[in-house]
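Residue-level structure breakdown
Spelled out from the first residue to the last, the chains are:
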Amino acid sequence: TQGRRCHWRTAGTSAGGINSLITILNSCSDSIENVTDSVNYKFWYNGGLENIYDKKLITENKLFKLPPESISMMSIRQKWFQGIKKNCKAYLGLTFTHLDAKRYKVNELISSPHMKEFIALEIVGNGYNKAPSIKTINLDKDNNFYIPFDGSDKEKYDVLENLIYATSAFPIAFEPKE
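The structure presented is a predicted model; accordingly, all values stated were derived computationally and were not measured.

**Observations concerning the overall build of the chain**
The helix and strand inventory of the chain stands at five helices and six strands. Starting at the N terminus and walking to the C terminus, you meet the elements of the chain as β-α-α-α-α-β-β-β-β-β-α. Relative to its 178 residues, the chain shows a buried fraction of 38%. Put simply, 65% of the contacts in the chain that link residues at least 6 apart link residues at least 24 apart. For the chain, the accessible area works out to roughly 10,400 Å², and carbon and sulfur atoms hold 51% of it.

The following block contains the structure:
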């Protein structure tokens, strides 16, 4: 119901960061009748691979493209501004990898970049047709980013969208962000 409290905790990096935000948006909303109405479907399937992959745009640091005007990113933006259930509180954790990150050897063939920085966010629903509230949570840990969410709802969403781009830039997936 609109006033019922629900709490979600989810975290990820790269596609996991995107999926974590999508999970919050879907979980803090009324159930849907048709899977094609879900943000997950609209992001990953409706846009299709041709929406994010262009062989001509591949670089050593970027395999996919994800412009803000893409069907995929617009599906998240649209759902954000449609709002989520009032008082639905969710915690979103995102990690970030430096382009020149220190690598840890997993075995002879595989190494993994060290994800040094992270951010923890609290998202609270304000009801439908209102953007959710969002703020950074200070976890008192080294490398915990603190980014203020000031300004209009649009400005706050733009900060969140930049964080989603930054986490999805996990080595070679999407273009690195500053």
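**Considerations on the pattern of salt bridges**
Taken as a whole and judged by the stated rule, the model has five salt bridges. Residues Arg-77 and Glu-161 are paired through a salt bridge, measuring 3.5 Å at the closest nitrogen-oxygen approach. One end of the pair, Arg-77, is in helix 4 (residues 71-82); the other, Glu-161, is in helix 5 (residues 153-168), and 84 residues separate them in sequence. Neither residue differs from the other here; Arg-77 and Glu-161 are each classed as buried.

**With respect to the nonpolar core**
In terms of nonpolar packing, the biggest core is built from 29 residues, with Leu-21, Ile-76, Trp-80, Leu-92, Leu-121, Ile-123 and Leu-160 touching the most fellow members. Mapped by element, the contributors of at least two residues to this core are helix 1 (15-27), helix 2 (39-46), helix 4, strand 2 (88-96), strand 5 (117-124) and helix 5. A per-element tally of this core places helix 5 first, with six residues. The residues touching Trp-80, leaving out its near neighbours within four places in the chain, are Leu-21, Leu-25, Ile-123, Lys-130, Ala-131, Pro-132, Ile-134, Tyr-157 and Leu-160.

**A few points about the packing of aromatic side chains**
Going through the model one piece at a time under the given rule, you end up with two aromatic pairs. Between Trp-80 and Tyr-157 the ring centres are 5.8 Å apart and the planes differ by 50 degrees, which places this aromatic pair in the tilted class. Of this pair, Trp-80 sits in helix 4 while Tyr-157 sits in helix 5, and the two are 77 residues apart along the sequence. Here the aromatic rings of Phe-81 and Tyr-157 are separated by 5.6 Å at their centres, their planes lie at 55 degrees, and the arrangement is tilted. Here the residue Phe-81 occupies a position in helix 4, and Tyr-157 occupies one in helix 5, the gap between them amounting to 76 residues. Assessed through its relative accessible area of 29%, Phe-81 is described here as partly exposed.

Cut-offs used in this document
Here the residue numbering is sequential within each chain, running from 1 through the sequence in written order. The predicted nature of this model means local features are confined to residues of pLDDT at least 70 and side-chain atom pairs, given and counted, to a pLDDT of 80 or more, with totals for whole chains, interfaces and linings taken over all residues. With hydrogens and water excluded, all non-hydrogen atoms of the structure serve as input to the side-chain values. Secondary structure elements follow DSSP: runs of H or I no shorter than four residues count as helices, runs of E no shorter than two count as strands, and numbering proceeds from the N terminus. Only protein chains enter the accessibility calculation, which uses a 1.4 Å probe. A residue is then buried if its area is under 20% of the maximum for its type, exposed if over 50%, and partly exposed in between. Contacts are assigned to residue pairs with any non-hydrogen atoms lying within 4.5 Å of each other. What sets the accessible areas is the Shrake-Rupley method with a 1.4 Å probe; for residues, cover comes only from the shown protein chains. Take a side-chain nitrogen of Lys or Arg and a carboxyl oxygen of Asp or Glu: if they are within 4 Å of each other, that pair is a salt bridge. For this analysis, a nonpolar core means a set of buried residues of the types Ala, Val, Leu, Ile, Met, Phe, Trp, Tyr and Cys, connected via side-chain atoms within 4.5 Å. Put simply, two rings from Phe, Tyr or Trp (the six-membered ring, in Trp's case) pair if the centres are within 6.5 Å, and we call them stacked under 30 degrees between planes, edge-to-face over 60, tilted for the rest.

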